[in-house]
Number of protein chains: 2
Amino acid sequence: MISVDFSKAVRRIDDFAAPLIQAHRWLQEATGRGNDFVGWVNLPRDYDKEEYARIKAAAKKIQSDSRALVVIGIGGSYLGARGAIDFLCSPNYNLKKKDTPNIYFAGNGLSGDYLQEIVDLVGDDDFSVNVISKSGTTTEPAVAFRFFRELLEKRYGRDGAAKRIYATTDKARGALKSLADAEGYETFVVPDDVGGRYSVLTAVGLLPIAVAGVDLDALMGGAAKMMDACRRGNLDENPAWQYAAVRNALYQKGKKIEILAAYEPAFRFMAEWWKQLYGESEGKESKGLFPASVEFTADLHSMGQYIQQGERHLFETVVRFGPSKSRLKVPRDESDGDGLNFLAGRDMDYIAAQAMDGTLLAHVEGGVPNLVIQAGEKNAETLGELIYFFEYACGLSGYVLNVNPFDQPGVEAYKKNMFALLGKPGYEELGKELREKLGR
Amino acid sequence: MISVDFSKAVRRIDDFAAPLIQAHRWLQEATGRGNDFVGWVNLPRDYDKEEYARIKAAAKKIQSDSRALVVIGIGGSYLGARGAIDFLCSPNYNLKKKDTPNIYFAGNGLSGDYLQEIVDLVGDDDFSVNVISKSGTTTEPAVAFRFFRELLEKRYGRDGAAKRIYATTDKARGALKSLADAEGYETFVVPDDVGGRYSVLTAVGLLPIAVAGVDLDALMGGAAKMMDACRRGNLDENPAWQYAAVRNALYQKGKKIEILAAYEPAFRFMAEWWKQLYGESEGKESKGLFPASVEFTADLHSMGQYIQQGERHLFETVVRFGPSKSRLKVPRDESDGDGLNFLAGRDMDYIAAQAMDGTLLAHVEGGVPNLVIQAGEKNAETLGELIYFFEYACGLSGYVLNVNPFDQPGVEAYKKNMFALLGKPGYEELGKELREKLGR
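Throughout this description, residue numbers start from 1 for each chain and increase along the sequence as written. Here chains are named by letter from A upward and ligands by number from 1 upward, in the order in which they appear as written. Reporting in this predicted model follows two pLDDT cut-offs: at least 70 for local features of residues, and 80 or more for side-chain atom pairs to be given and counted; totals over whole chains, interfaces and linings ignore these cut-offs and use all residues. Based on all heavy atoms of the structure, the side-chain values leave hydrogens and waters out of the count.

Asker: Quick question: what am I supposed to make of the pairing of strand β8 (residues 290–295) of chain A here?
Answerer: Regular strands place side chains that alternate from one sheet face to the opposite one. Residues and elements named next belong to chain A. Working definition: with a 1.4 Å probe on protein chains only, accessible area under 20% of the residue-type maximum means buried, over 50% means exposed, and in between means partly exposed. Here a strand is any run of E in DSSP of at least two residues, a helix any run of H or I of at least four, and the numbering for each starts at the N terminus. Of all six residues making up β8, six are buried, and the element is well covered by its neighbours. Side chains of β8 alternate between two faces, with F290, A292 and V294 and P291, S293 and E295 buried alike. Crossover handedness is defined by viewing with both strands directed away from the observer: a clockwise path from the first strand over the helix to the second marks the crossover as right-handed. A crossover links strand β7 (residues 257–262) with its parallel partner β8, the connecting element being helix α11 (residues 268–282), and its sense is right-handed.

Here it is as structure tokens:
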């Protein structure tokens, strides 16, 4: 079970007990700001069991009839699944020999070269598409879906394509839901009360994760365990309370940047998921810790210098995992030219553990508070725990910061401008105004 | 040729002319702080032509006798090559059908599972190793090299292995140089006067980049062109002066974070390279902009909220590229359920360009100064330009900030602690002290 060690971060956090009691109640009773979007709180037990079985069945079907799955989505409809698959199956998942399909993520940007490359990588392989969009009209995924739908229909005919398209969308309304019903795509639900960045344990994340061969029961089981732990209404027993308290304490002390660090390259995209979760939940009203991430020890030889001696406006949150699967031992070298024979016979985990402790002390000495989140072995259950832990702590933390942790009003600004410049009907006035600002 | 548009970032930068004249002289005449490490300034023309030819020949040999190359290095001996190969050949390079070997990066961390995975991915393929380390004793690469050297010697015998190991190291001294001479490895030089983060255009970066099939002449040609542009001693004509001035101006105004943004997923690891370059050069003496990076438009649905409405302590530097290779056009859809037919027939570049402009105006409106670096098409020449541009601007910027842009004293702290905790001979006292701090 996840534990939080904040002994090297702040002296005490009991000042936060009162606001946390309040925040906790808002989450548990759905009575705080943004309370239409706290469906994720009880999700690990209260999910739709019928849909869950359909997700597993769809994953099996895709595994049986496809050598590639193209997952189309952006933001919360992208980062959770990508992070989980990278972490549990490897960032090299597609490169590995395996029985499950390759998984490509599309519709999360506007690069033509990137899109073309996915088309090329799919090549002649039999493939399916999981298009994930609440509305069906978000530009990036909608554009990508036009390409891949056309490709599928050319290859398999309209009926054949319909059997290879899985739409994760609104349960009743919207462009994608209408199309899916008209064409007969199998559909899964983006729940009304779960925002994108909290949606990885809904069909949004679960279908692609299942296609990669991950044990969904273990993932959900881990989340459910953490959900129980997060129900405890006190600072001593609830790791999410502790994390939420520490980061608010450090923010109040003037720290402006939180760096999430892990010593596993496979965690890189879970850190990206974490950035969306916290950045989007708290970055508003001119407030919020800026979320950044590093991959150690690689980045000790990159960002390490800044962390050790740069501006003192940051703190670190380090996620540590239990033992590796592989227990590689350093070979002995008789000549010992590199002077590393004192490590011969030691396994990598042992060396990494000393690097973690050494780095912790070095950074603390350099004025960087360090917070350690100790997780279990790198497996689906641990990831389920971590996901729920971060989500629950984020809800709490946003409430303690006195913002609505469940809206994202700032995301509309670029979209509106983009529509106006693209000449979308209805945006003519704004378009004129913007072109003037651009001097064209 | 690269140009910098700072009209949406700061009003004027001419206050920086005087310190830039000074900084420029320090770089050109090698008379400033850290002047033992400005060998990169004239490198694009003054490189060792004989070694350059050997690099190309070695790359050809590796291409002919290996299906995989394991590149062992950390920090500057990792990020440059990784960034360049990702950008020029794709982050999916290893997955693509091609005539050149797969390239795996190892020795840049301490994860046993990661190391084991590289071993598994290489599998039975014929492979070579490029081990990159000035001293040969840096823990991460040295440990990884022990594994892969053992693997090579088991498979090909000691002599056979020696023909597959390429050591990029000190020209005369150190553990790796001694071993290479004793075993007969081909060696390339990490120049004495070029620090790791400025070394991508030396053998450090060039050998792996060449193995991936990149046109080195184009890369070096681009860098040489930019070198000429960066020699111009005035603000109007020198884009590196402009960039260095703008970031210092914004830092003086209280901005603490610089976010490097690009709209190409393939640029992700060049941004990591940039983070090392700037973070390690300026993050010292409790100073320096914190370097962060985002991938747009994906991260407009993640960090976008924070950028638009969070703490106003940041600015953005956006790298834009010329036309894509693929000119995919959005398909028309008769039903137009997603309402995107107003984009039908438009190519992705057009849509992306409007997103870029729309985002620029939205973020500026939100109080985030925006700086645009306009680069050419995504090719080796453009990358050469960008690399030199960022390097030169970094040297200038560090001098204007009044730090030594060429040292990294803070990187030693974690290493010392790690050695002490690992029980390295000579670190006994520190080890005792640290264990006490850790309460064990």
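Asker: Would you take a moment to explain the sheet that holds β8 of chain A for this structure?
Answerer: Hydrogen bonds between backbone groups are what pair the strands of a sheet, and the pairing can be parallel or antiparallel. All names here are of chain A. As summarised here, the arrangement of the five strands in space is β1-β10-β9-β7-β8, forming an open sheet in which the pairing is mixed. In the strand order of this sheet, the two ends are held by β1 (3–5) and β8, each with one partner. The sheet shows a mean angle of 20 degrees between the axes of neighbouring strands, direction not considered. Whether two strands pair comes down to DSSP finding at least two bridges between them. Pairing of β7 with β8, which is carried by six bridges, proceeds in the parallel orientation. Within β8, the residue paired with A261 across the bridge is V294. Packed on one face of the sheet, helix α14 (residues 380–400) meets β1, β7, β9 (314–320) and β10 (370–374) and runs near 135 degrees to β10. The axes used here are C-alpha line fits, helices contributing only the stretch in contact, and every angle between their N-to-C directions lies in the interval 0 to 180 degrees. Contact definition: two residues touch when any of their heavy atoms are within 4.5 Å.

Asker: Got a minute to help me understand helix α11 (residues 268–282) of chain B in this structure?
Answerer: Structurally, the α-helix is built with 3.6 residues per turn, so residues lying three or four positions apart point the same way. With 15 residues, α11 of chain B should reach 21 Å at 1.5 Å per residue; the first-to-last C-alpha distance of 21 Å fits that figure. Within α11 of chain B, 15 of the 15 residues are buried, which leaves it mostly tucked inside the rest of the structure. Helix span is expected to be 1.5 Å times the residue number reduced by one.

Asker: What is the right way to read α14 of chain A from this model?
Answerer: Residues and elements named next belong to chain A. Between its terminal C-alpha atoms α14 stretches 30 Å, which fits the 30 Å expected from 21 residues at 1.5 Å a residue. Burial analysis of α14 places 20 of its 21 residues in the buried class, the great majority of the element. Backbone nitrogen of E381 and a side-chain oxygen of the N-cap are separated by 3.2 Å at the start of α14; the cap is N379. With its phi angle positive at about 70 degrees, N402 sits one or two positions after the end of α14. We call two N or O atoms a polar contact when they sit within 3.5 Å, provided that within protein one can donate a hydrogen and the other can accept it, with sequence-adjacent residues counted only if both atoms are side-chain atoms.

Asker: So what exactly am I meant to see when it comes to the pairing of strand β6 (residues 186–189) of chain A here?
Answerer: Residues and elements named next belong to chain A. In this sheet, β6 lies alongside strand β5 (residues 165–169) in parallel orientation, the contact comprising four bridges. Looking at the pairing, Y166 lines up with E186 of β6. Regarding the hand of the β-α-β motif, the stretch spanning β5, helix α7 (residues 175–183) and β6 is right-handed.

Asker: Would you mind going over the relation of the copies chain A and chain B with me for this structure?
Answerer: Note: a rotation about an axis with an accompanying shift along it relates these two copies of the chain. Here chain A sits on chain B after a turn of 180 degrees about the axis and a move of 0.0 Å along it, with an RMSD of 0.0 Å. Seen this way, the second copy is the image of the first under a two-fold rotation axis. Scanning chain A for the C-alpha nearest the rotation axis identifies L95 of chain A, at a separation of 3.0 Å. Interface overlap between copies is the fraction of interface residues in one copy that are interface residues in the other; for chain A against chain B it reaches 100%, indicating a shared surface. Here the copies are matched by least squares. The fit uses the C-alpha atoms of residues with pLDDT of at least 70 in both.

Asker: When you look at the environment of A203 of chain A in this model, what are you seeing that I'm missing?
Answerer: All names here are of chain A. Take A203: it is sitting in helix α8 (residues 203–211). For A203, a relative accessible area of 1% gives the class buried. Between the alpha carbons of A203 and T187 there is a distance of 9.6 Å; along the sequence they are 16 residues apart. Filtering out sequence-adjacent residues up to four positions away, A203 remains in contact with E51, I55, T168, F188, V189 and P208.

Asker: I keep staring at the sheet that holds strand β9 (residues 314–320) of chain B and nothing clicks. Help me out?
Answerer: All names here are of chain B. Strand order in the open sheet made by the five strands is β1-β10-β9-β7-β8, with mixed pairing throughout. The sheet terminates laterally at β1 (3–5) and β8 (290–295), the two strands that pair on one side only. Taking the axes of each pair of neighbouring strands and ignoring which way they run, one obtains an average angle of 20 degrees across the sheet. Pairing of β1 with strand β10 (residues 370–374) involves three bridges; the strand directions are antiparallel. From the neighbouring strand, D5 faces β10, where its bridge partner is V372. Running at roughly 175 degrees to β8, α11 makes contact with β7 (257–262) and β8 of the sheet.

Asker: Could you clarify how one ought to interpret the environment of I132 of chain B in this entry?
Answerer: Residues and elements named next belong to chain B. Tracing the chain through its elements places I132 in strand β4 (residues 127–132). With 37 residues separating them in the primary sequence, I132 and T169 have C-alpha atoms 6.0 Å apart. Sequence-distant contacts of I132, that is, excluding residues within four places in its chain, are made with V71, I72, G73, S77, T168 and V204.

Asker: Even after reading the chapter, I still don't get the interface of chain A and chain B, so can you show me in this structure?
Answerer: Buried accessible area, meaning the area lost when the parts come together, often serves as the stated size of an interface. Chain A puts 124 residues into the contact, and the matching count from chain B is 124 residues. Buried area: the accessible surface (1.4 Å probe) lost by two parts on joining, summed over both. Of all residues in chain A, the largest losses of buried area upon contact with chain B belong to R146, F290 and H301 of chain A, amounting jointly to 8% of the total for that side. We define a salt bridge as a side-chain nitrogen of Lys or Arg found within 4 Å of a carboxyl oxygen belonging to Asp or Glu. As a salt-bridge pair, E117 of chain A and K96 of chain B come within 3.5 Å of each other at their nearest N and O atoms. For the interface between chain A and chain B, the tally reads 60 residue pairs in polar contact (both at pLDDT 80 or more). Among the elements that make up the side of chain A that touches chain B, the one with the highest residue count is helix α13 (residues 348–365) of chain A (13 residues). Along the lines of polarity and charge, the residues of the side of chain A that touches chain B split into 53 nonpolar, 37 polar and 34 charged. Three classes are used: nonpolar for Ala, Val, Leu, Ile, Met, Phe, Trp, Tyr, Cys and Pro, charged for Asp, Glu, Lys and Arg, and polar for all others, with Gly counted as polar.

Asker: Help me understand unusual backbone geometry, please; the structure alone is not making it clear to me.
Answerer: Note: most peptide bonds trans; most residues except glycine with negative phi. Look at the link from F296 of chain A to T297 of chain A: it is a cis peptide, with omega at 5 degrees. Backbone geometry at E285 of chain B places phi at a positive 50 degrees, although glycine is not the residue there. Within the secondary structure layout, E285 of chain B lies in the loop between α11 and β8.

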